[in-house]
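# Observations on chain architecture
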Amino acid sequence: MPSLHDITQSNRASWNQIHHARPGEPAAFFSSGGSALDADEIAAAGDVSGRRVLQLACSCGDHALSWALLGAKVTGVDISEVAVSMARDKAAATGLAVDFRQADMLDLPAELTGFDLIYLSWGAICWVPDLAVFAQLVADRLAPGGSVLLADHHPIWEVLAVRGPNQLEVTADYFGRSTPRATIDNAKLPTGARDNPTAPDFTAFIWPPSDIITSLMSAGLHRAVFRESPAADMYPRPRPRRGPTPRHLPHQSHTQCFT
């Protein structure tokens, strides 16, 4: 298997190729008080006013800017320099003071430490090749009493594909863990790669929530919140030929907070 560095740098090159198609919300959205955060995330974080927040895998900056609007002192890190450049431009246009850095989230600059909250948003944890390395890194970068907040789609979303009325197909191994996915269903590819025949390859992983929880607890953190909730717009419904229409499977998200 390739080294962690080889995996993350290969993904970095792929992200750089597609990030022009991932602009996120316009600066005006944030200038008018808009937020990319949902109510569960805000509730789990609590009052962030004046607190130091680090977002890992921050993409084009939408969530980091949203934390800044809530009064946090925010640093956003992404492996793609294209994404970071887009985030910096957006921050400059809104006048929000967010420190955006280009770095591998498994190899952070030494000065990025002492955070009150470390946050990962949707579609972040699947790019982590080694949960033990990740968990220890975030635990080491927290200030005393700090928290880790992870809000992401449930891995069942990675495994099931809707193929037609009343038809689901298992497309990946739910217990794949540290084995990279052999293929990624088109519907699960990042924006910019989806429906793109010339899209670059990505290396992603499927981590059951139990593995994520255990890794963070093994790094010395304590679980404060674990919540699952529907996210109905994430994925087409199976739509049976007859009978009631499934409402939420597999439209699920999960929010975890550790202290």
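Residues numbered from 1 in each chain as written. Predicted model: local features only at pLDDT ≥ 70, side-chain atom pairs only at ≥ 80, totals over all residues. Heavy atoms only, no water.

### As for the overall build of the chain
Here is the rule we go by: Working definition: helices are DSSP H or I runs of at least four residues, strands are E runs of at least two. Numbering for both runs from the N terminus. Exposure classes here rest on a 1.4 Å probe applied to the protein chains alone. A residue is buried below 20% of its type maximum, exposed above 50%, and partly exposed in between. The protein chains shown are the only cover counted for residues, whose accessible areas, like all others here, come from Shrake-Rupley with a 1.4 Å probe.
Counting secondary structure elements, the chain contains eight helices and nine strands. Across the 259 residues of the chain, 51% fall into the buried class. Total accessible area computed for the chain in this model is approximately 11,700 Å², and 51% of it derives from carbon and sulfur atoms.

### So, the nonpolar core
The cut-off we apply is this: We define the nonpolar core as a collection of buried residues of types Ala, Val, Leu, Ile, Met, Phe, Trp, Tyr and Cys that are connected through side-chain atoms lying within 4.5 Å of one another.
Core analysis: the biggest nonpolar cluster contains 32 residues, and Leu-56, Ile-118, Leu-120, Ile-125, Phe-134, Val-138 and Leu-216 have the highest contact counts within it. Contributions of two or more residues to this core are made by strand 1 (52-56), strand 4 (115-120), helix 6 (131-140), strand 5 (142-153) and helix 8 (209-218). Top element by residues in this core is helix 6. It accounts for six residues. In this structure, Ala-45, Val-48, Leu-96 and Phe-100 belong to the second largest nonpolar core, which totals 23 residues.

### Quick word on the pairing of strand 4
Sheet faces and side chains relate simply in a regular strand, where the side chains alternate between the two faces. So the rule is basically this: Each pair of strands is called paired provided DSSP finds at least two bridges between the two strands.
The buried fraction of strand 4 is high, at five of six residues. Summarising the sheet, strand 1 and strand 4 pair through four bridges and their orientation is parallel. Each bridged residue has a counterpart across the sheet, and for Leu-54 the counterpart in strand 4 is Ile-118. Relative to strand 5, strand 4 is paired through five bridges, and the arrangement is parallel. Following the sheet pairing, Phe-115 is matched in strand 5 by Leu-142.

### Structural notes on helix 8
Taken as a whole, helix 8 has its buried residues at Pro-209, Asp-211, Ile-212, Ile-213, Ser-215 and Leu-216. A positive backbone phi angle near 100° is found at Gly-220, which sits one or two residues after helix 8.

### Here's the deal with the pattern of salt bridges
Side-chain pairing between opposite charges can occur once the charged atoms of the two side chains come close. Basically, it comes down to this: Here, a salt bridge means any Lys or Arg side-chain nitrogen found within 4 Å of an Asp or Glu carboxyl oxygen.
Applying the stated rule across the entire model yields five salt bridges. The partner of Arg-101 in a salt bridge is Asp-99, and the shortest N-O contact between them spans 3.0 Å. Judged by its relative accessible area of 32%, Asp-99 is partly exposed. A salt bridge links Asp-211 to Arg-177, with the nearest nitrogen and oxygen atoms 2.4 Å apart.

### Digging into the side chain of His-63
Operational definition: We call two residues in contact whenever any of their non-hydrogen atoms come within 4.5 Å of each other.
Inspection of the secondary structure assignment puts His-63 in helix 4 (residues 62-69). Residue classification places His-63 among the buried positions, given a relative accessible area of 15%. Here His-63 is in contact with Ala-36, Leu-37, Glu-41, Gln-55, Tyr-119, Ser-121 and Trp-122, once residues within four sequence places are set aside.

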